[in-house]
Amino acid sequence: MPVLNRIAAYAEEMKGWRRHLHQHPELAFDCHNTAAFIIDRLKEIGVDEIHPGIAKTGIVAIINGQGSGPTIGLRADMDALPIEELTKAEHASTIPGKMHACGHDGHVTMLLGAAKYLAETRKFSGRVALLFQPAEEDGGGGQVMVQEGVMDRFAITQVYGIHNAPNVPFGQFLTTPDALMASVDTAFVYITGKGGHGATPHECVDPVVAVVGMVGAIQTIIPRNVYALDEAVVSVTQIHTGTASNIIPEEAMFCATIRSFKPDVRALLKKRFYEIVEGHAAAYGVQARIDYDWGYPATINRAENAAFACEVASEVVGEGLVNGNSVREMGSEDFSYMLEARPGAYLFLGTGPGAGLHHAAYDFNDEAAPIGASFFARLVERAQPLA
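Everything numeric in this text was worked out from a predicted model, so none of it was measured.

Reading the values: the criteria
Residues numbered from 1 in each chain as written. Predicted model: local features only at pLDDT ≥ 70, side-chain atom pairs only at ≥ 80, totals over all residues. Heavy atoms only, no water. Helix = DSSP H or I, 4+ residues; strand = E, 2+ residues; numbered from the N terminus. Salt bridge = Lys/Arg side-chain N within 4 Å of Asp/Glu carboxyl O. Buried < 20%, exposed > 50% of the residue type's maximum accessible area, 1.4 Å probe, protein only. 1 Å grid on protein atoms, 1.4 Å probe; cavity = no way out; pocket = protein on both sides within 12 Å on 5 of 7 lines; lining within 4 Å. Points joined across faces, edges and corners; volume = space filled by probe spheres on them. Nonpolar A, V, L, I, M, F, W, Y, C, P; charged D, E, K, R; others polar. Pairing = 2+ DSSP bridges. Axes fitted to C-alpha atoms, helices over the stretch in contact; angles between N-to-C directions. Contact = heavy atoms within 4.5 Å. Core = buried A, V, L, I, M, F, W, Y, C linked by side-chain atoms within 4.5 Å. Phe/Tyr/Trp six-rings, centres within 6.5 Å; stacked < 30°, edge-to-face > 60°. Lys NZ or Arg CZ within 6 Å of the ring centre and 35° of its normal. Expected span 1.5 Å × (residues − 1). Polar contact = N/O pair within 3.5 Å; in protein donor to acceptor, adjacent residues only side chain to side chain.

1. A word on unusual backbone geometry
Unusually for a residue other than glycine, Lys56 sits at a positive phi of about 75 degrees. For Arg122, which is not glycine, the phi dihedral falls at a positive 50 degrees. As for its position among the elements, Arg122 is in the loop between helix 4 (104-121) and strand 4 (127-133).

Written as structure tokens, this is what we have:
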């Protein structure tokens, strides 16, 4: 089965939706106009229920099938990024300093396309819950929606999501039966010494050498504390200190991104990070304060749900374009909170050559939207067939 013919007929309409969203990006939880646009489309489509204002600007919409049955959740994130767009496309962002550089405009469009088909055909039992989520990029909107009770309130039994993947062959689906994306934690370290003249370091307590020592030692955590087959990353991404060549500063800071797949490895990384910073602070005679942001957990698929999703994807694009044992990613995703709350799976959908995610020249490939919409629609029909 290729792309559903009825959804293929929506292609131009879906392109119009996507390009409107691309022109009007909004950040984090402040997706008010985006939510209003989605609600207008949902009313036109004829869904049965619309529940706005979840996680501030999130939406849950319900489509009833024929007869009783469970509720399956389908999720699309809808926030943009604080990036100045460089595409020069006719549909480029009209909001300075903001753009859809991660394809969430495409994700919304795929889910709306599936909603239009499902509301027209209703060839399934039970219900579909369409989850339009804000603040994936910053703020953990997925966590907030779960905390506000969407899984229990709407009796969702399983949940699925898609992310576009530029520079992966067009139409290819990728996923794994276990952890697909890493957890992400961020550590900010603030060091205070005693400043003074660069010519008299013996009268100072130098935070610069303390930072250098800490950063060097932190790089030993992965090769010397983590089992070689347990993937993990600790990357120091910022160091800030000093104002002049002849002044030893009073303060310094650095930050790091810390990523892994297993809870025990994640806990170990935090433990060793603290031990190294605190130990070096004592050795160098400085004060160190650590702000450790325990961020998104790993995105872990349920094996049977991932296998089922691959079967459905094979119906849409063919078995040759589905890889159910792909390499997992060190990126992170707050769909992880939904997968902690309910069984389900997350997949990548290849969109072909182009600028990468979070790049100022990125633009979602509109030809991929009917594929994603068809996957969502068939997922519902297969998961909850008519009696």
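2. Considering the pattern of salt bridges
Following the criterion strictly, the structure yields 25 salt bridges and no others. Linking Glu381 and Arg378 is a salt bridge whose minimum nitrogen-to-oxygen distance equals 2.9 Å. Of this pair, Glu381 and Arg378 both sit in helix 12 (residues 369-383), 3 residues apart, which is roughly one turn of that helix. For the pair Glu381 and Arg378, one class covers both residues: buried. Through salt bridges with shared partners, a single ionic network connects Arg18, Arg19, Asp105, Asp363 and Asp366.

3. Brief notes about empty space enclosed by the protein
Throughout the structure, instances matching the rule amount to 1 cavity of 30 Å³ or more. Empty space within the largest cavity amounts to approximately 40 Å³. Surrounding the largest cavity, Asp230, Glu231, Ser260, Phe261, Lys262, Val265 and Arg328 form its lining. Counted by class, the lining of the largest cavity contains 2 nonpolar, 1 polar and 4 charged residues.

4. Some points on the sheet that holds strand 13 (residues 287-293)
In sheet architecture, strand pairing relies on hydrogen bonds along the backbone and comes in two forms, parallel and antiparallel. The 4 strands are arranged 10-12-8-13 in an open sheet whose pairing can be described as antiparallel. At either margin of the open sheet sits one strand with a lone partner, and together these are strand 10 (232-241) and strand 13. Between one strand and the next, the sheet's axes are offset by a mean angle of 15 degrees, whatever the strand orientation. On top of the sheet, helix 7 (residues 207-218) reaches strand 8 (183-192), strand 10, strand 12 (251-260) and strand 13; it is set at about 10 degrees to strand 12, its chief contact.

5. Focus on the nonpolar core
In terms of nonpolar packing, the biggest core is built from 60 residues, with Leu130, Phe132, Phe173 and Phe375 touching the most fellow members. Sort the elements by how many residues they give to this core and helix 4 lands first, with 9 residues. Once residues within four sequence positions are removed from consideration, Phe132 is found in contact with Ile38, Leu42, Gly58, Ile59, Ala76, Met78, Val108, Leu111, Leu112 and Met145. In this structure, Ala232, Phe254, Ile276 and Tyr292 belong to the second largest nonpolar core, which totals 26 residues.

6. A closer look at the sheet that holds strand 1 (residues 49-54)
An order of 1-2-4-3-5-16-6-15 is seen for the 8 strands of this open sheet, with the pairing classed as mixed. Two strands bound the open sheet, and with one partner strand each, they are strand 1 and strand 15 (322-323). Bridge count for strand 6 (residues 173-174) against strand 16 (residues 344-350) is 2 bridges, and the pairing is antiparallel. By the bridge assignment, Leu174 is partnered in strand 16 with Phe348. Of the strands in this sheet, strand 5 (156-165), strand 6, strand 15 and strand 16 touch helix 10 (residues 303-317), which is tilted by about 35 degrees from strand 16.

7. Things to note about the environment of Ala307
Note on placement: Ala307 falls in helix 10. In the structure, Ala307 is positioned 18 residues away from Asn325 in sequence and 9.6 Å away in space, judged by C-alpha atoms.

8. Some words on the packing of aromatic side chains
For the structure shown, the criterion picks out 9 aromatic pairs. Taken together, a centroid distance of 6.3 Å and an interplanar angle of 45 degrees make the contact between Phe254 and Phe273 tilted. Placement of the pair is Phe254 in strand 12 and Phe273 in helix 9 (residues 263-284), with a sequence separation of 19 residues. Exposure class is identical for Phe254 and Phe273. Each is buried. Arranged with centres 6.3 Å apart and planes meeting at 35 degrees, the rings of Tyr292 and Trp294 form a pair that is tilted. Ring pairs connect the aromatic residues Phe254, Phe273, Tyr274, Tyr292 and Trp294, which therefore count as one cluster. One cation-aromatic arrangement involves Lys116 over Tyr10; the distance from NZ or CZ to the ring centre is 5.2 Å. The lysine or arginine in question, Arg328, covers the ring of Phe261, its NZ or CZ lying 4.1 Å from the ring centre.

9. Some points on helix 3 (residues 32-45)
Between its terminal C-alpha atoms helix 3 stretches 20 Å, which fits the 20 Å expected from 14 residues at 1.5 Å a residue. Those residues of helix 3 lying buried are Thr34, Ala35, Phe37, Ile38, Ile39, Arg41, Leu42 and Ile45. Where the residues of helix 3 are buried, they touch helix 2 (11-23), strand 1, strand 2 (58-64), helix 4 and strand 4.

10. Observations concerning the layout of surface pockets
By volume, the largest pocket is sized at about 700 Å³. Broken down by secondary-structure element, the contributors of at least two residues to the lining of the largest pocket are strand 5 and strand 8. Grouping the constituent residues of the lining of the largest pocket by class yields 10 nonpolar, 9 polar and 8 charged.

11. Concerning the side chain of Asn164
As for its position among the elements, Asn164 is in strand 5. With relative accessibility at 1%, the residue Asn164 sits in the buried group. Within the local environment of Asn164, its side chain forms a polar contact with the side chain of His107, the two groups lying 3.0 Å apart. Side-chain polar atoms of Asn164 contact the side chain of Tyr362, separated by 2.7 Å. The residues touching Asn164, leaving out its near neighbours within four places in the chain, are Cys102, Gly103, His107, Phe348, Leu349, Thr351, Leu357, Tyr362 and Phe364.

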